[in-house]
Amino acid sequence: MKISNQFERIDDELYIKNVILDGYDVRGGLILGTDRAVIFDTLSRPDDMIGYKELIGDRKVIIVYSHADWDHIWGTAGVKSQTKLIISHKNGLKRFSGDVPEVLKDFQKRQPELYGPVKLIAPNISIDSELEIDLGGITVQLSPLLGHTEDSIVAYIPEKGILLAGDTVETPFPCLNENSPVANWIEKLEEWRATKGLKTVIPAHGKIGGPEILTENINYLKAILNGAEVYLAENMGEFYEKAHRDNMIFAKQQS
C-alpha cells in the first residue's frame, strides 16, 4: 500500500492533513489558538502525526476523535506532546472495548509493516451533547451528529464559519453502516445547512466546499432511504461502487 501525507494551510489557525490510502483519502484537521491546539482526528498511523509538533509549538494539545473508525484514530501514539485530553462521543469510548481492537488486530496481522507501530489510545473524556472549547482567540464547538456511525461528532469554528465534518459528510456520497440512524442524520445535516454564517464544509473524505456539499449528501440519503433512483458519477472507483451497493442494502433495512 502506498501512503503519502501533506499539510494544507487554510489560514494561520487551521491546517489540514490529507493521507492517501487504498482507494480513498482521509483528512484530519489542526486548529491553533493562542493557548491550545485541537487535533481533529489523528488519522491512520503514528507517522501521520509527523509535522504537527512544529506547528503546535508549546500549546496544550486536545485530541478529538470524530468517530472511532480505524483511519481516524490510529495515529494518536505519534502525537509528540503530553496530551491529557482526548475527546470522543460516549459511544466511541464503548467501541474501544469492542470493534476497535479487533480491527487493529486484523490489520496488524495482514500488514504488520504499516500498522505494527499503532497503539490504541482511548478517549478520557466522552460526550453526548455539545461542548465548546476555548483555544485562546478561537473557539471549537463539538456537536454529536449520529449517522455514519452512532459515535460521530463534528467540530465547528464559528469565527470562521468552518465545519469539520468527519465522515458525516462525504463526496461523492456518504457511507452508511448497518446501524446508521439515517433519519436523524438527515435532520442534523439540514440543521447545519440552515446555520447562519456557515461558509466552508471540510469532510474527512472527498472535496472541500460550501454548504452545497450538505445539500448533496442530504439529497443522496433521502433518495436511498425512499428507494428513489440515484444518479452517480461514472468511474467512481471500486471503493465507492461497493459503498453504494452497501448503502442501498442498509437503507432498505430501515424502510
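Please refer to the structure higher up on the page.
Residues numbered from 1 in each chain as written. Predicted model: local features only at pLDDT ≥ 70, side-chain atom pairs only at ≥ 80, totals over all residues. Heavy atoms only, no water.

A.B. asks: With reference to specific residues and values, describe empty space enclosed by the protein.
C.D. replies: Inspection of every chain in the model, using the stated rule, returns 1 cavity of 30 Å³ or more. Of the volumes computed, that of the largest cavity is approximately 50 Å³. Considering the residues around the largest cavity, the lining is formed by Ile16, Arg27, Gly28, Gly29, Phe40, Asp41, Leu164, Ala165, Gly166, Ile202, Pro203 and Ala204. For the lining of the largest cavity, the secondary structure elements donating two or more residues are β3 (25-32), β11 (162-170) and β12 (200-205). For the lining of the largest cavity, the per-class residue count stands at 7 nonpolar, 3 polar and 2 charged. (1 Å grid on protein atoms, 1.4 Å probe; cavity = no way out; pocket = protein on both sides within 12 Å on 5 of 7 lines; lining within 4 Å. Points joined across faces, edges and corners; volume = space filled by probe spheres on them. Helix = DSSP H or I, 4+ residues; strand = E, 2+ residues; numbered from the N terminus. Nonpolar A, V, L, I, M, F, W, Y, C, P; charged D, E, K, R; others polar.)

A.B. asks: I'd love a proper account of the layout of surface pockets, names of residues and values included.
C.D. replies: Remark: the empty space left among the atoms is shown by a probe the size of a water molecule rolled over them. Roughly 490 Å³ of volume is contained in the largest pocket. Among the secondary structure elements, those contributing two or more residues to the lining of the largest pocket are α2 (70-73), β11 and α8 (238-254). Here the lining of the largest pocket is built from residues that sort into 7 nonpolar, 5 polar and 7 charged. Each pocket or cavity is described by its volume, and for the second largest pocket that value is around 220 Å³. Taken together, the residues of the lining of the second largest pocket sort by class into no nonpolar, 6 polar and 6 charged.

A.B. asks: Any chance you could break down the side chain of Glu170 for me, citing the residues and the numbers?
C.D. replies: Relative to the elements of secondary structure, Glu170 occurs in strand β11. Despite its burial, Glu170 remains without a salt bridge, the nearest opposite charge being carried by Arg27 at 9.5 Å. For Glu170, the contacting residues outside a window of four places in its chain are Cys175, Pro203, His205, Asn217 and Tyr240. (Buried < 20%, exposed > 50% of the residue type's maximum accessible area, 1.4 Å probe, protein only. Lys, Arg positive; Asp, Glu negative; His and termini not counted. Salt bridge = Lys/Arg side-chain N within 4 Å of Asp/Glu carboxyl O. Contact = heavy atoms within 4.5 Å.)

A.B. asks: Tell me about unusual backbone geometry, and name the residues and values.
C.D. replies: For the peptide bond that leads from Thr171 to Pro172, omega is 15°, which places it in the cis range. Mapped onto the secondary structure, Pro172 falls in the loop between β11 and α6 (182-193). Of note in the backbone geometry, Asp41 takes a positive phi value of approximately 80° without being a glycine. With phi around 65°, Leu43 is a residue other than glycine that occupies positive phi space. Tracing the backbone shows Leu43 in the loop between β4 (36-40) and α1 (52-56).

A.B. asks: An account of the pattern of salt bridges is needed here, citing residue identities and associated values.
C.D. replies: One pass over the full model with this rule turns up 12 salt bridges. Of the charged contacts, one joins Glu190 and Lys222 as a salt bridge, the two residues approaching to 2.9 Å between their closest N and O atoms. A residue pair is termed long-range when its members are at least 10 positions apart, and Glu190 in helix α6 and Lys222 in helix α7 (residues 212-225) qualify at 32 residues. The class of Lys222 is partly exposed, set by a relative accessible area of 35%. Put simply, Lys242 and Asp246 hold a salt bridge, and the shortest N to O gap is 2.8 Å. With Lys242 and Asp246 both in helix α8 and 4 residues apart, the pair spans about one turn of that helix. Lys242 sits in the partly exposed class, given a relative accessible area of 45%.

A.B. asks: Hey, could you go over the environment of Tyr220 for me, with residue numbers and the actual values?
C.D. replies: Within the element layout of this structure, Tyr220 appears in helix α7. Relative accessible area serves as the criterion here: at 5%, Tyr220 is assigned to the buried category. With 11 residues separating them along the chain, Tyr220 and Tyr231 place their C-alpha atoms 9.1 Å apart. Once you skip the residues sitting within four places of it in the chain, Tyr220 turns out to touch Phe173, Pro174, Val230, Leu232, His244 and Asn247. Here His244 takes part through its side chain, which lies 2.7 Å from a polar atom of the side chain of Tyr220. (Polar contact = N/O pair within 3.5 Å; in protein donor to acceptor, adjacent residues only side chain to side chain.)

A.B. asks: Mind laying out the pairing of strand β9 (residues 139-144), listing which residues take part and the relevant values?
C.D. replies: Taken together, the 4 bridges between strand β8 (residues 131-134) and β9 define a ladder with antiparallel strand orientation. By the bridge assignment for β9, Leu131 is matched with Leu142. Between β8 and β9, which pair antiparallel one after the other, the connecting turn spans 4 residues, and Gly136 there sits at a positive phi close to 95°. Here 4 bridges tie β9 to strand β10 (residues 153-157), and the two strands are oriented antiparallel to one another. Each residue of the ladder has a partner; that of Ser143, found in β10, is Val154. (Pairing = 2+ DSSP bridges.)

A.B. asks: How would you sum up the sheet that holds β10? Please name residues and give values.
C.D. replies: If you trace the 5 strands from one edge of the open sheet to the other, you get β8-β9-β10-β11-β12, paired in mixed fashion. The sheet terminates laterally at β8 and β12, the two strands that pair on one side only. Direction aside, neighbouring strands of the sheet carry axes that sit 25° apart on average. Lying over the sheet, α7 contacts β11 and β12, oriented at roughly 20° with respect to β11. (Axes fitted to C-alpha atoms, helices over the stretch in contact; angles between N-to-C directions.)

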